[in-house]
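# Survey of secondary and tertiary structure
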Amino acid sequence: MKDTFDIAVFHGDGIGPEITRPTVELLRRLSQQSGYHLTFRDCAAGASHYAETGQSLPEASMQAARAADAILLSAMGLPSVRYPDGTEISPQIDLRKVLHLFAGVRPVRIFPGQKTPLKLPPETSVDFVLIRESTEGLFHTQGCGEVTRNEARETLLITRKTSELLFDFAFDLARERKASGQGRGHVTCVDKANVFRAFAFFRELFDAEAAKHPDLTSDHAYVDATALWFVQKPWDFDVLVTENMFGDILSDLGAGLMGGLGVAPSADIGLDHAVFQPCHGSAPDIAGQGIANPFAMILSGAMMLEWLGRRHSNAALKSDGVLLRQATEAVIAEGSVLTGDLGGTATTEQAARAVSAAIAAI
Ligand code: ATP
């Protein structure tokens, strides 16, 4: 059985390196106590690298990412560094396209004790996963939309091939969650099929996939109603699947429900590769002060371990992923060692050390 895994690490910009360092340290320590080995390969990319060299994603880094078993990517981009056309440096979007990482996985989990703007009924938890298609949709013409003096156009693209892969992924995830007692085996297609033909097509492909999974249940919801229900009854959802731009917006709403971007992890998964990255940006306003929240990055690392474990049928990796997630969630729910964005005064290092202590206590 494969027991050594090569991880390509992109340290990113702004707070990126500050939250990557303790995350890699936690992953290294977990692997030393378990029956697998992680090797970390540092890869250059991002806005600072572009400012220095004129390259945002060098070929050597691209090759290392392709060759790696998984890619751990920190926050990237800086508002002050842009391409000549004015757009920001975003190698993470390039990686999604080049490696065809069609499934953007955004878990939303809220537990008793956790700070949330919601008023949840007593002892109610929220645990759902939003899957955002990440290679097409309204991002299809990104960077090459048509703009004239009086008009601007961007084109939304939904393809049969990517949608079928996406829906297959969504139903598989619902089945896995049901098997592990995390969900009820239900998938919701989020669209705007009442207005746009492209979304009626998206829904038709979803229904065809749903028919192949009689052991699971499914339904549809319009994106506007979904935004309302995220706030009114988020505990009702299990797995949701949607187009790129709808997913982009709903995933930030989900992060807000969890208490902020600092606790929102993500994964972008394809058939052969996967990138694990916090949902937030490089937070240049607090970079260099050692006060960034590392939890979203650590939770992304936990998702990476779980994904590698499932992919390679390695129980130690899978259980370390669950352990790292549970330890981080325990620190968030306990609430005494939190960074400023969550209302606390802890430094990045103190927050990461609290996770390490929570691992030892579980
Ligand atoms: P992008 O467009 O690259 O996603 P953004 O414009 O959404 O970036 P962020 O960089 O995510 O912006 O920052 C938004 C706000 O959230 C900033 O005030 C920032 O300081 C704060 N923030 C983001 N991530 C963290 C974190 N890990 N810890 C503490 N604060 C954070």
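Quick caveat: nothing in here was measured; it's all calculated off a predicted structure.

The next thing to look at is the overall build of the protein chain. The number of helices and strands found in the protein chain is 11 helices and 12 strands. Compactness check: the protein chain gives a C-alpha radius of gyration of 20 Å against a globular reference of 21 Å for 362 residues, within 12% of the reference. Principal axes of the C-alpha set define a box for the protein chain whose edges measure 50 × 50 × 45 Å. With 362 residues in all, the protein chain has 53% of them scored as buried. For the protein chain, the exposed area adds up to about 15,700 Å²; of that, 53% sits on carbon and sulfur atoms. Each charge class in the protein chain was averaged separately, 32 positive and 44 negative side chains, and the resulting centres sit 2 Å apart.

What follows deals with the site of the ligand. The environment of the ligand is formed by Ile-15, Leu-261, His-280, Gly-281, Ser-282, Ala-283, Asp-285, Ile-286, Ala-292, Asn-293 and Asp-341. In this structure, Gly-281 approaches the ligand through a main-chain N or O atom, which is 2.6 Å from an oxygen atom. Note that an oxygen atom of the ligand is positioned 2.8 Å from one of the backbone N or O atoms of Ala-283. For the ligand, whose free accessible area comes to 620 Å², the fraction covered by protein is 60%. In the shell around the ligand, the residues fall into 5 nonpolar, 4 polar and 2 charged.

Moving on to the environment of Leu-240. Tracing the sequence through the fold places Leu-240 in strand 10 (residues 239–242). Note on Leu-240: relative accessible area 0%, which makes it buried. In sequence terms Leu-240 and Thr-124 are 116 residues apart; their C-alpha atoms lie 20 Å from each other. Not counting the four nearest positions on each side in its chain, Leu-240 is found in contact with Phe-128, Val-129, Leu-130, Ile-131, Thr-188, Val-190, Thr-226 and Phe-230.

On to unusual backbone geometry, then. With the exception of glycine, most residues fall at negative phi, and the peptide bonds are largely trans. The backbone phi angle of Glu-123 is positive, close to 60 degrees, even though this residue is not glycine. Its place among the elements puts Glu-123 in the loop between strand 4 (103–110) and strand 5 (126–133). By relative accessible area, Glu-123 is classed as exposed at 72%.

Note on sheets: strands pair through backbone hydrogen bonds, and any given pair is parallel or antiparallel. Spatial strand order, 2-1-3-12-11-4-5-10-8-9: 10 strands in an open sheet with mixed pairing. With partners counted over all chains shown, the strands left at the sheet margins are strand 2 (37–43) and strand 9 (217–222), one partner each. Taking each pair of neighbouring strands and ignoring which way they run, the sheet shows an average axis angle of 25 degrees. Two elements, strand 4 and strand 11 (residues 267–269), share 3 bridges in a ladder whose sense is antiparallel. Across the sheet, the residue bridging to Ala-103 is Ile-269, located in strand 11. Lying over the sheet, helix 9 (residues 295–311) contacts strand 1 (4–10), strand 2, strand 3 (70–73), strand 4, strand 11 and strand 12 (274–276), oriented at roughly 175 degrees with respect to strand 3.

On to the domain arrangement of the protein chain. When cut into domains, the protein chain gives domain 1 (1–101 + 264–362) and domain 2 (117–257). Taken over C-alpha atoms, the centre of domain 1 sits 24 Å from the centre of domain 2. At the interface, 11 residues of domain 1 touch 11 residues of domain 2. Where domain 1 abuts domain 2, roughly 1,000 Å² becomes buried across the two surfaces, and 56% of that area is made up of carbon and sulfur atoms. When the buried area of domain 1 at its contact with domain 2 is split by residue, Arg-96, Lys-97 and His-100 rank highest and sum to 41% of it. Counting across the domain 1 and domain 2 interface gives 1 salt bridge. Linking Glu-176 and Arg-310 is a salt bridge whose minimum nitrogen-to-oxygen distance equals 2.9 Å. At the level of secondary structure, the elements contributing two or more residues to the side of domain 1 that touches domain 2 comprise helix 4 (91–98) and strand 11.

Further remarks concern the pairing of strand 9. Of the strand pairs in this sheet, strand 8 (residues 186–191) and strand 9 are connected by 6 bridges, and their pairing is parallel. Counted as the bridge partner of Asp-191 is Tyr-222 from strand 9. At this point the chain moves from strand 8, through helix 6 (residues 197–210), to the parallel strand 9, and the crossover so formed is right-handed.

Between the first and last C-alpha of helix 1 (residues 16–33) there are 26 Å, a value that for 18 residues agrees with the 26 Å anticipated at 1.5 Å per step. Burial in helix 1 covers these residues: Gly-16, Glu-18, Ile-19, Thr-20, Pro-22, Thr-23, Val-24, Leu-26, Leu-27, Leu-30 and Ser-31.

What follows is about the packing of helix 5 (residues 160–179) against helix 6. Packing of helix 5 against helix 6 brings their axes to within 9 Å, and their N-to-C directions diverge by 45 degrees. Taken together, the axes of helix 5 and helix 6 are oblique relative to one another. Helix 5 and helix 6 meet at a crossing whose hand is right-handed. Judged by residue contacts, Arg-160, Ser-163, Glu-164, Leu-166, Phe-167, Asp-168 and Phe-171 of helix 5 engage Phe-201, Phe-202, Leu-205, Phe-206, Glu-209 and Ala-210 from helix 6. A breakdown of the residues in the contact of helix 5 with helix 6 according to their chemical character gives 8 nonpolar, 1 polar and 4 charged.

Here is what the cut-offs are and how they apply
Residues numbered from 1 in each chain as written. Predicted model: local features only at pLDDT ≥ 70, side-chain atom pairs only at ≥ 80, totals over all residues. Heavy atoms only, no water. Helix = DSSP H or I, 4+ residues; strand = E, 2+ residues; numbered from the N terminus. Rg over C-alpha atoms; globule rule 2.2 N^0.38 Å. Buried < 20%, exposed > 50% of the residue type's maximum accessible area, 1.4 Å probe, protein only. Areas by Shrake-Rupley, 256 points an atom, 1.4 Å probe, with all protein chains shown as cover. Lys, Arg positive; Asp, Glu negative; His and termini not counted. Charge placed at Lys NZ, Arg CZ, Asp CG, Glu CD. Near = heavy atom within 4 Å. Polar contact = N/O pair within 3.5 Å; in protein donor to acceptor, adjacent residues only side chain to side chain. Nonpolar A, V, L, I, M, F, W, Y, C, P; charged D, E, K, R; others polar. Contact = heavy atoms within 4.5 Å. Pairing = 2+ DSSP bridges. Axes fitted to C-alpha atoms, helices over the stretch in contact; angles between N-to-C directions. Domains from an automatic or database assignment. Buried area = accessible area lost by both parts, 1.4 Å probe. Salt bridge = Lys/Arg side-chain N within 4 Å of Asp/Glu carboxyl O. Right-handed = clockwise from strand over helix to strand, strands pointing away. Expected span 1.5 Å × (residues − 1). Parallel < 35°, antiparallel > 145°, perpendicular 65-115°, else oblique. Left-handed = near helix turned anticlockwise from the far one by under 90°.

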